[in-house]
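# Fold and contact review
Here's the letter readout for the chains.
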Amino acid sequence: QLYQYILDNYPDSEYLIWAKAGIIQSDIALDNDPNVAEELDELISEFAFNPDLPDAILETGLAYYTKARYRALEGDNESEKAFYRDAISIYEKVIAEFGGSDFTGSAYFRAGVLYAQELGEYQKGIDYFQAVVDYQPDYAFACAAQYLVGKYYEKLRDTGVIERLEANVMIKEAYQAVVENWPDCDWANSAQLKLDRIAFEEANQ
C-alpha cells in the first residue's frame, strides 16, 4: 500500500522505479508469483533508460532468496530449492538484459553462490564464478569468485566427479590466479595455503 501510494501521488519522483520494484518484491513475499514475470517486463519497458533498472531487478532476486531461507528454517527443502531457482532466474534476467552493466558481476556471483552453495550444482557454480572474472574482473568480489572456482573444483574432486590429478591442475590454476591477480585481497593468503598443501601432497605421493 505504501509503494502504491508513492506511485499514485508522486509520479515524477526519482524513487518511482524503487516503488514499482518494491511492489514486485511484495508480490513475491505474498506468493503472488504469477504476476512477477509480467511485472518485471513492465518495469523493464517503463524504465528502459533508467540507470537504476539493473539494480532494481537484481534486488527482486533477494525476495526469492529470503523466501528460500524461511523454507529452509521450516524444513521444506523442496520449496527452498525452488525459490533458489526463482532467484537465479532473476539474476539470469539481469545478465541477459544488461550484460554490459556494472551489475553483471553481481548477478553472476549471486547465481554462482546459489548454484554451488545452496543447490550443490558445483560445475554450474564454477561456470558463473568464472564468468565474474572473465566479464567483470574489477567487480568487488572478483577475487572471491576466483577463489570459489578453486574451492568448488575441490568439491568436484572430493566427490569423485573429476579425477584427482585432473582436478588438481584446475584447482592450482584457480588459486594461483588469486595470488597473482589479487595479492592484497582477503582470499590471497588462503589461496596460497591451498597451493602449498597441494604441493606438499604431490611431493609426498
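Note that the structure is predicted; figures quoted are calculated from it, not measured.

What counts and how
Residues numbered from 1 in each chain as written. Predicted model: local features only at pLDDT ≥ 70, side-chain atom pairs only at ≥ 80, totals over all residues. Heavy atoms only, no water. Helix = DSSP H or I, 4+ residues; strand = E, 2+ residues; numbered from the N terminus. Areas by Shrake-Rupley, 256 points an atom, 1.4 Å probe, with all protein chains shown as cover. Lys, Arg positive; Asp, Glu negative; His and termini not counted. Charge placed at Lys NZ, Arg CZ, Asp CG, Glu CD. Salt bridge = Lys/Arg side-chain N within 4 Å of Asp/Glu carboxyl O. Buried < 20%, exposed > 50% of the residue type's maximum accessible area, 1.4 Å probe, protein only. Disulfide = S-S within 2.5 Å. Phe/Tyr/Trp six-rings, centres within 6.5 Å; stacked < 30°, edge-to-face > 60°. Contact = heavy atoms within 4.5 Å. Core = buried A, V, L, I, M, F, W, Y, C linked by side-chain atoms within 4.5 Å.

Moving on to the overall build of the chain. In terms of regular secondary structure, the chain is built from 10 helices and zero strands. Along the chain direction, N to C, the helices and strands of the chain fall in the order α-α-α-α-α-α-α-α-α-α. Summed over all atoms, the accessible surface of the chain reaches about 11300 Å², with 50% contributed by carbon and sulfur. Counting 16 positive and 38 negative side-chain charges, the chain places the averaged centre of each group 9 Å from the other.

Here the focus is the pattern of salt bridges. Tallied over the full model, the rule gives 14 salt bridges. Among the salt bridges present, the one from Arg-164 reaches Glu-201, with a minimum N-O distance of 3.6 Å. Residue Arg-164 is located in helix H9 (residues 164–181), and its partner Glu-201 is located in helix H10 (residues 188–203); the two are separated by 37 residues in the primary sequence. Judged by its relative accessible area of 38%, Arg-164 is partly exposed. Across the pair Glu-202 and Lys-172 runs a salt bridge, and its minimum N-O distance is 3.2 Å. Taken as a pair, Glu-202 in helix H10 and Lys-172 in helix H9 lie far apart in primary sequence, 30 residues in all. A relative accessible area of 29% places Lys-172 in the partly exposed class. Because the salt bridges share partners, they merge into one network encompassing Glu-154, Arg-157, Asp-158, Lys-194 and Arg-197.

Per the stated rule, a full pass over the model turns up one disulfide. The side chain of Cys-143 participates in a disulfide bridge whose partner is Cys-185; the two sulfur atoms lie 1.9 Å from each other. Note that Cys-143 is positioned in helix H8 (residues 142–158) and Cys-185 in the loop between H9 and H10, a separation of 42 residues in sequence. Each member of the pair, Cys-143 together with Cys-185, is buried.

What follows deals with the packing of aromatic side chains. Applying the stated rule across the entire model yields 14 aromatic pairs. Both rings, one in Tyr-64 and one in Phe-83, keep their centres 6.3 Å apart while their planes meet at 20°; by these two values the pair is stacked. Remark: Phe-83 occurs in helix H5 (residues 77–97) and Tyr-64 occurs in helix H4 (residues 53–74); sequence separation between them is 19 residues. Summarising the burial analysis for this pair, Tyr-64 and Phe-83 share the class buried.

On the secondary structure map, Thr-60 appears in helix H4. For Thr-60, a relative accessible area of 0% translates into the label buried. Apart from residues no more than four positions distant in its own chain, Thr-60 is found in contact with Ala-21, Ile-24, Gln-25, Ile-28, Leu-40 and Ile-90.

Next up on the list: the nonpolar core. In terms of nonpolar packing, the biggest core is built from 66 residues, with Leu-43, Leu-53, Ile-57, Phe-109 and Phe-129 touching the most fellow members. In contact with Leu-53, other than residues within four places in its own chain, are Ile-17, Leu-43, Ile-44, Phe-47, Ala-48 and Phe-98.

Even without a glycine there, the phi angle at Asp-31 is positive, about 65°. Looking at the secondary structure, you find Asp-31 in the loop between helix H2 (16–29) and helix H3 (36–46). Its relative accessible area of 44% is what places Asp-31 among the partly exposed residues.

Checked against the element boundaries, Leu-156 lands in helix H8. Judged by relative accessible area, Leu-156 falls into the buried class, the value being 6%. In this structure, the C-alpha to C-alpha distance between Leu-156 and Lys-67, residues 89 residues apart in sequence, is 28 Å. What Leu-156 contacts, discounting residues up to four positions off in sequence, is Tyr-122, Gln-123, Ile-126, Val-161 and Ile-162.

Honestly, that's just the spatial picture; any functional story needs more than this.
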